[in-house]
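# Tertiary structure, described
Single-letter residue listing:
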Amino acid sequence: MRKTLIIAEAGVNHNGSIELAKKLIDAGADAGVDYVKFQTFNTQNLVLKQAEKAEYQKRNLNNDDTSQYAMLQKLELTKEEHFELINYSKQKGVNFFSTAFDLESIDFLATLNLGFWKIPSGEITNYPYLKRIAQHKEPVILSTGMSTLEEITDAIDVLKSFGVRKEMITVLHCNTEYPTPYADVNLLAMQTLCGKLNVSVGYSDHTLGIEVPIAAVALGATIIEKHFTLDRNMEGPDHKASLEPTELKSMVRAIRNIEQALGSKHKIISSSEKGNREVARKSIVAARDILEGEVFTEENLTVKRPGKGISPMKWKEIIGTKSPRHFKTDDQITYS
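Here's a quick rundown of the structure. What you see is a predicted model; the values in this text were computed from it and never measured.

So, how was this worked out
Residues numbered from 1 in each chain as written. Predicted model: local features only at pLDDT ≥ 70, side-chain atom pairs only at ≥ 80, totals over all residues. Heavy atoms only, no water. Buried < 20%, exposed > 50% of the residue type's maximum accessible area, 1.4 Å probe, protein only. Helix = DSSP H or I, 4+ residues; strand = E, 2+ residues; numbered from the N terminus. Pairing = 2+ DSSP bridges. Right-handed = clockwise from strand over helix to strand, strands pointing away. Axes fitted to C-alpha atoms, helices over the stretch in contact; angles between N-to-C directions. Contact = heavy atoms within 4.5 Å. 1 Å grid on protein atoms, 1.4 Å probe; cavity = no way out; pocket = protein on both sides within 12 Å on 5 of 7 lines; lining within 4 Å. Points joined across faces, edges and corners; volume = space filled by probe spheres on them. Nonpolar A, V, L, I, M, F, W, Y, C, P; charged D, E, K, R; others polar. Polar contact = N/O pair within 3.5 Å; in protein donor to acceptor, adjacent residues only side chain to side chain. Parallel < 35°, antiparallel > 145°, perpendicular 65-115°, else oblique. Left-handed = near helix turned anticlockwise from the far one by under 90°. Salt bridge = Lys/Arg side-chain N within 4 Å of Asp/Glu carboxyl O.

This part is about the pairing of strand 6 (residues 169-174). The element strand 6 is extensively covered by neighbouring structure, given that six of its six residues are classed as buried. Residue alternation in strand 6 divides its side chains into two sets, Ile169, Val171 and His173 and Thr170, Leu172 and Cys174, and both sets are buried. Note that strand 5 (residues 140-143) and strand 6 share four bridges and pair parallel. Residue pairing across strands places Leu142 opposite Val171, the latter belonging to strand 6. Taking the sense of rotation as the criterion, the β-α-β connection linking strand 5, helix 8 (residues 149-161) and strand 6 turns out right-handed. As paired elements, strand 6 and strand 7 (residues 200-205) share five bridges and run parallel to each other. From the neighbouring strand, Leu172 faces strand 7, where its bridge partner is Gly202. Assessed by its sense of winding, the connection that carries the chain from strand 6 through helix 9 (residues 189-197) to strand 7 is right-handed.

Written out as structure tokens, the structure reads:
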């Protein structure tokens, strides 16, 4: 059975509070996710002071301050807080992870030996960033929101040129509107990425609800990333497009069920249904009393359950032959 890697994206939904971040880890561990992921950045290295918030951030924060810089400064996690969250995650039995958004943050996360890298959609055209990550020669998860196939190919080429083998790359189909309208998900494009790029694929979801990531698993996603929060009504840029803890748990449970349901590509008779074959199928039986030596016809034969006798698929072989003995109505026909 293929196991989907489930990354619960806490992101910046801790609102700058280490205690809230720990509660998010609690919720992720309780839901049974594989990783709880945060974001690592230095605001000064990430954004110009005059840069405005995205439209969804303005809507979700619902205040007059349009500064992206001011918003992000409040959401930074210190290095000490990273270590604290790593230790706390270990205590709770869930893996800690984080995405770097600038070169300095990449260098810091490298010291944590997390084992792989996540490249967010906004950095897919950032050559120095891609190069810095690729030089670590570790597995890479590449989100592709807002990207063309050509841009994704170019990013993969940069990663490969600095030491990341193609089999180490997983490409996540993604749409970066928060929340993403269902009509814009274009989930089948995930399969196109797999076929055109010849890489493993997954899905980073920003829709409301849990239906789309579950469908993505059924379509072959090996990784699911989904934002979550403790309360969608909290103030912050991403809360409104995030799952609450009970929804996260439901998503994980559904994905694990789908993994089992996918099975193999072979059409087989499962062990659970073998006992139903005789009960549900039919046999050739006498439609009325039939004398020994009488010819079997369409009129004196019929088919009924159970399927313990001659299969109706032998119908043409039986019609026209002589009855070997006397059969009463509803007797199963036998060859001798």
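Turning our eyes to something else, we now look at the sheet that holds strand 5. Taken in spatial order, the eight strands line up as 3-2-1-8-7-6-5-4 in an open sheet, and their pairing is parallel. Each edge of the sheet is formed by a strand with only one pairing partner; in this case those strands are strand 3 (95-100) and strand 4 (117-119). This sheet shows a mean twist of 25° between the axes of neighbouring strands, independent of strand direction. Sheet analysis places strand 1 (residues 5-11) next to strand 2 (residues 35-40), joined by four bridges and oriented parallel. By the bridge assignment, Gly11 is partnered in strand 2 with Phe38. Packed on one face of the sheet, helix 11 (residues 245-262) meets strand 1 and strand 8 (223-227) and runs near 165° to strand 1.

This part takes up the layout of surface pockets. Here the largest pocket defines a volume of roughly 710 Å³. Along the walls of the largest pocket sit 33 residues, with Tyr56, Phe101, Pro120, Gly122 and Tyr178 positioned nearest its centre. It is helix 4 (residues 68-73) that provides the largest number of residues to the lining of the largest pocket, a total of three residues. Across the lining of the largest pocket, the residue classes break down as 16 nonpolar, eleven polar and six charged.

With respect to the helices and strands, the residue Thr180 is situated in the loop between strand 6 and helix 9. Thr180 gets classed as buried once you look at its relative accessible area, which sits at 5%. A polar contact of 3.3 Å, which involves the side chain of Thr180, links it to the backbone oxygen of Asn175. Setting aside anything within four residues of it in sequence, one finds Thr180 in contact with Asn175, Val185, His206 and Thr207.

In this section: the environment of Thr222. Residue placement: Thr222 occurs in the loop between helix 10 (211-218) and strand 8. Judged by its relative accessible area of 24%, Thr222 is partly exposed. Each C-alpha atom, one on Thr222 and one on Ile6, is 8.7 Å from the other, the two residues being 216 residues apart in sequence. Excluding anything up to four places from it in sequence, Thr222 contacts Arg2, Lys3, Thr4, Leu5, Thr170, Ser200, Val201 and Gly202.

All right, on to the packing of helix 10 against helix 11 then. For any two helices packed against each other, one specifies the inter-axial angle together with the distance between the axes. Taken N-terminus to C-terminus, the directions of helix 10 and helix 11 make an angle of 20°; their axes are 9 Å apart at the nearest point. Looking at the two axes, helix 10 sits roughly parallel to helix 11. Pair helix 10 / helix 11 crosses with right-handed handedness. Contacts between helix 10 and helix 11 involve Pro213, Ile214, Val217 and Ala218 from the former and Met251, Ala254, Ile255, Ile258, Glu259 and Leu262 from the latter.

Tallied over the entire structure, the rule returns 16 salt bridges. Taking the shortest distance from any N to any O, the salt bridge between Lys3 and Asp34 comes out at 2.8 Å. Of this pair, Lys3 sits in the segment before strand 1 while Asp34 is found in the loop between helix 1 (18-31) and strand 2, placing the two residues 31 residues apart along the sequence. For Asp34, a relative accessible area of 15% corresponds to the buried category.

This paragraph deals with the environment of Gly32. Considering the arrangement of structural elements, one finds Gly32 in the loop between helix 1 and strand 2. Along the chain, Gly32 and Leu172 lie 140 residues apart, while their C-alpha atoms are 21 Å from each other. With residues up to four places along the chain from it excluded, the contact list for Gly32 reads Val252 and Arg256.

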